[in-house]
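# Structure assessment
Below are the chains, spelled out letter by letter.
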Amino acid sequence: MIKFRAWDKATSSYRKVLEIEFYPDGELKKVKVTGLQRKGTITPDNLVLEQFTGLTDVNGKDIYEGDIIEVTSQYWGMLGNRYEVKFEQGAFYVKYGLLSEISPSISVIGNVHEKPELLEKKK
């Protein structure tokens, strides 16, 4: 299933996406979300759309673009390492490879908007 969440830059919070509207040329026009007064729409300049990867972590939590994941088993020999989930070249990636290859061995611990410090190197 294709689904999105929206980071509202104005309120620094996530909104559930109800509808996405595009211009004829494919450019994003507006997004209808929950929790807004003015007809529930928000302009693209005020949000960051993040797509669901179709995968879940070890706890069954949905993994979205922009999430920060931590390796929870000895996959790649990188137990405890943290990565941002990104969408590049038509696939969801973390730093060293495809997210789908490691999704059974990871846990979502936050996202780049609410907890960017989770990506800082451990001292």
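The paragraphs below set out a description of the structure included in this document. This one's a predicted model, so the numbers in the text were calculated from it and none came from an experiment.

## Digging into the packing of aromatic side chains
- In the structure shown here, the tally under the stated rule is three aromatic pairs.
- Taking the centre distance of 4.9 Å and the plane angle of 70° together, the rings of Trp7 and Tyr14 count as edge-to-face.
- Residue Tyr14 is classed as partly exposed on the basis of its relative accessible area, which comes to 23%.
- When the ring centre of Phe52 is taken as reference, the NZ or CZ atom of Lys3 above it lies at 4.7 Å.

## A few points about the layout of surface pockets
- There is about 340 Å³ of room inside the largest pocket.
- Asn81, Arg82, Tyr83, Leu119 and Lys121 are, among the twelve residues lining the largest pocket, the residues nearest its centre.

## Some points on the side chain of Asn111
- With respect to the secondary-structure elements, Asn111 resides in strand 12 (residues 106-111).
- Polar contacts involving the side chain of Asn111 include one to the main-chain amide nitrogen of His113, which spans 2.9 Å.
- Within the structure, the side chain of Asn111 is placed 2.6 Å from the side chain of Glu114, a separation counted as a polar contact.
- The contact partners of Asn111, leaving out residues within four places of it in the chain, are Arg5, Tyr14, Gly66, Asp67, Ile68 and Pro116.

## With respect to the pattern of salt bridges
- Under the counting rule described, the total for this entry stands at seven salt bridges.
- The salt bridge involving Asp62 is made with Lys3; its shortest N-O contact spans 2.7 Å. In this pair, Asp62 sits in strand 6 (residues 62-64) while Lys3 sits in the segment before strand 1 (4-8), placing the two residues 59 residues apart along the sequence.
- Residue classification places Asp62 among the partly exposed positions, given a relative accessible area of 24%.
- Judged by relative accessible area, which is 25%, Lys3 ranks as partly exposed.
- Salt-bridge contacts for Arg5 lead to Glu50; the nearest nitrogen and oxygen are separated by 2.7 Å. Of this pair, Arg5 sits in strand 1 while Glu50 sits in strand 5 (residues 47-56), and the two are 45 residues apart along the sequence.
- Several salt bridges converge on common partners, so that one network encompasses Arg5, Glu50 and Asp67.

## A word on the environment of Lys61
- Note on placement: Lys61 falls in the loop between strand 5 and strand 6.
- Owing to a relative accessible area of 47%, Lys61 belongs among the partly exposed residues under this scheme.
- It is 7.2 Å that separates the C-alpha atoms of Lys61 and Val108, two residues lying 47 residues apart in sequence.
- With residues up to four places along the chain from it excluded, the contact list for Lys61 reads Leu55, Thr56 and Val108.

About the criteria used
Residues numbered from 1 in each chain as written. Predicted model: local features only at pLDDT ≥ 70, side-chain atom pairs only at ≥ 80, totals over all residues. Heavy atoms only, no water. Phe/Tyr/Trp six-rings, centres within 6.5 Å; stacked < 30°, edge-to-face > 60°. Buried < 20%, exposed > 50% of the residue type's maximum accessible area, 1.4 Å probe, protein only. Lys NZ or Arg CZ within 6 Å of the ring centre and 35° of its normal. 1 Å grid on protein atoms, 1.4 Å probe; cavity = no way out; pocket = protein on both sides within 12 Å on 5 of 7 lines; lining within 4 Å. Points joined across faces, edges and corners; volume = space filled by probe spheres on them. Helix = DSSP H or I, 4+ residues; strand = E, 2+ residues; numbered from the N terminus. Polar contact = N/O pair within 3.5 Å; in protein donor to acceptor, adjacent residues only side chain to side chain. Contact = heavy atoms within 4.5 Å. Salt bridge = Lys/Arg side-chain N within 4 Å of Asp/Glu carboxyl O.

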